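# Structural features, examined
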Amino acid sequence: MLSKTPALRLQLVDRSHKHVLGVASRKTGALFEWCGNVLSELSPHEHEKADPPRLGCAAGILLQIVDDIHDFTLSENVSGKGQARDFAEGRLTLPGVFAVQDPATREPFLKIWRSSAKNPAAAAELAKLLNASGHMEGAREKGRELVRSMRAWAKALPQREEAAELDHFIEIMAKREF
């Protein structure tokens, strides 16, 4: 895998959180956005055609943020994948982006990032750094911001009963982590 190459792995760390969220919007977000488009086209109810796709894209991004956090916080028994698997495979997730952008944690993060292939304890060290520095919480706050936006959009939908159900779904998604 190319991302295991040290030079490429170091190039990957200079990403902004907007870049990471943009990737999520073009992957999971795009899939959910497409679903929202289909639902919008098939709906017999009067509504703004852009609302379901916008909510769908946001839901996809939210799921990616939750996955980024769960990569460090859930055990393999719960998540179905090894802890810090994204990190082990050279994928920089949102908490890591915050660590790289912070001058106080950039060098400690990069030291762990560089040693990951040789250091079996690297994932645990990184999780500790991300928690202690507040970068895991920073990722959670990005998720909460998105949840607040999604809930406001859902509540503004014209079909009140369905909007309430959607709001409840968003609330449940948020409870997965935030």
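Report follows, based on the coordinates.

Conventions and cut-offs
Residues numbered from 1 in each chain as written. Predicted model: local features only at pLDDT ≥ 70, side-chain atom pairs only at ≥ 80, totals over all residues. Heavy atoms only, no water. Core = buried A, V, L, I, M, F, W, Y, C linked by side-chain atoms within 4.5 Å. Buried < 20%, exposed > 50% of the residue type's maximum accessible area, 1.4 Å probe, protein only. Helix = DSSP H or I, 4+ residues; strand = E, 2+ residues; numbered from the N terminus. Axes fitted to C-alpha atoms, helices over the stretch in contact; angles between N-to-C directions. Parallel < 35°, antiparallel > 145°, perpendicular 65-115°, else oblique. Left-handed = near helix turned anticlockwise from the far one by under 90°. Contact = heavy atoms within 4.5 Å. Nonpolar A, V, L, I, M, F, W, Y, C, P; charged D, E, K, R; others polar. Salt bridge = Lys/Arg side-chain N within 4 Å of Asp/Glu carboxyl O. Patch = residues over 30% accessible without salt bridge, like charges linked within 9 Å, V, L, I, M, F, W, Y side chains within 5 Å. Areas by Shrake-Rupley, 256 points an atom, 1.4 Å probe, with all protein chains shown as cover. Expected span 1.5 Å × (residues − 1). Polar contact = N/O pair within 3.5 Å; in protein donor to acceptor, adjacent residues only side chain to side chain.

### Points about the nonpolar core
L62, F72, F87, F109, L126, L146 and M150 are the most contacted members of the largest nonpolar core, which has 40 residues in total. Breaking this core down by element, the ones donating at least two residues are α2 (17-26), α4 (51-73), α7 (94-101), α8 (103-115), α9 (122-133), α10 (135-155) and α11 (160-175). Looking at this core element by element, the count peaks at 10 residues for α4.

### Focus on the packing of helix α3 (residues 28-42) against α4
At a closest axis distance of 7 Å, the pairing of α3 and α4 adopts a crossing angle of 155 degrees. In terms of orientation, α3 and α4 fall into the roughly antiparallel class. In this structure, α3 crosses over α4, and the sense of that crossing is right-handed. Here α3 contributes T28, G29, F32, E33, G36, N37 and S40 to the contact with α4, which in turn contributes P52, P53, G56, C57, A59, G60, I61, L63 and Q64. Partitioning the contact of α3 with α4 into residue classes produces 7 nonpolar, 8 polar and 1 charged.

### Observations regarding the pattern of salt bridges
Inspection of every chain in the model, using the stated rule, returns 11 salt bridges. R54 serves as the salt-bridge partner of D51, at 3.0 Å between the closest nitrogen and oxygen. Pair noted here: D51 and R54 are both in helix α4, with a separation of 3 residues, about one helical turn. The class for R54 is partly exposed, based on a relative accessible area of 37%. Its salt-bridge partner being R140, residue E137 comes within 4.0 Å of it at the nearest N-O pair. Taken together, the residues E137 and R140, both in helix α10 and 3 residues apart, mark about one turn of the helix. Looking at E137, the relative accessible area reads 36%, which means it is partly exposed. Connected through shared salt-bridge partners, E137, R140, E141, R144 and R148 make up one network.

### Re a nonpolar patch on the surface
On the surface, L31, W34, V38 and L42 cluster together into a nonpolar patch covering about 440 Å² of accessible area. If you trace the backbone, L31 turns up in helix α3.

### Focus on α8
Here α8 contains 13 residues, and its C-alpha end-to-end distance of 19 Å stays within 8% of the 18 Å for a straight helix at 1.5 Å per residue. If you check which residues of α8 are buried, you get T105, F109, L110, I112 and W113. Of the residues flanking the start of α8, the one acting as N-cap is D102, its side-chain oxygen 2.9 Å from the backbone nitrogen of A104.

### Considerations on the environment of K128
Within the element layout of this structure, K128 appears in helix α9. Separated by 20 residues in the primary sequence, K128 and R148 have C-alpha atoms spaced 28 Å apart.

### A short note on α7
Given 3.6 residues per turn, any residue in an α-helix points the same way as the ones three and four places further on. Burial within α7 is extensive, with 7 of its 8 residues counted as buried. Buried within α7 we find L94, P95, G96, V97, F98, A99 and V100.

### Focus on the side chain of T93
For T93, the position within the fold is in the loop between α6 (85-88) and α7. Taking the relative accessible area as the measure of exposure, T93 reaches 7% and is therefore buried. With sequence-adjacent residues up to four places away left out, T93 is seen in contact with D68, F72 and D86.

### Remarks on the packing of α10 against α11
Taken N-terminus to C-terminus, the directions of α10 and α11 make an angle of 170 degrees; their axes are 8 Å apart at the nearest point. Viewed along their axes, α10 and α11 adopt a mutual orientation that is roughly antiparallel. On α11, the residues that touch V147, M150, R151, A154 and K155 of α10 are R160, A163, L166, D167, I170, E171 and A174. Of the residues contributing to the contact of α10 with α11, the split by class is 7 nonpolar, no polar and 5 charged.

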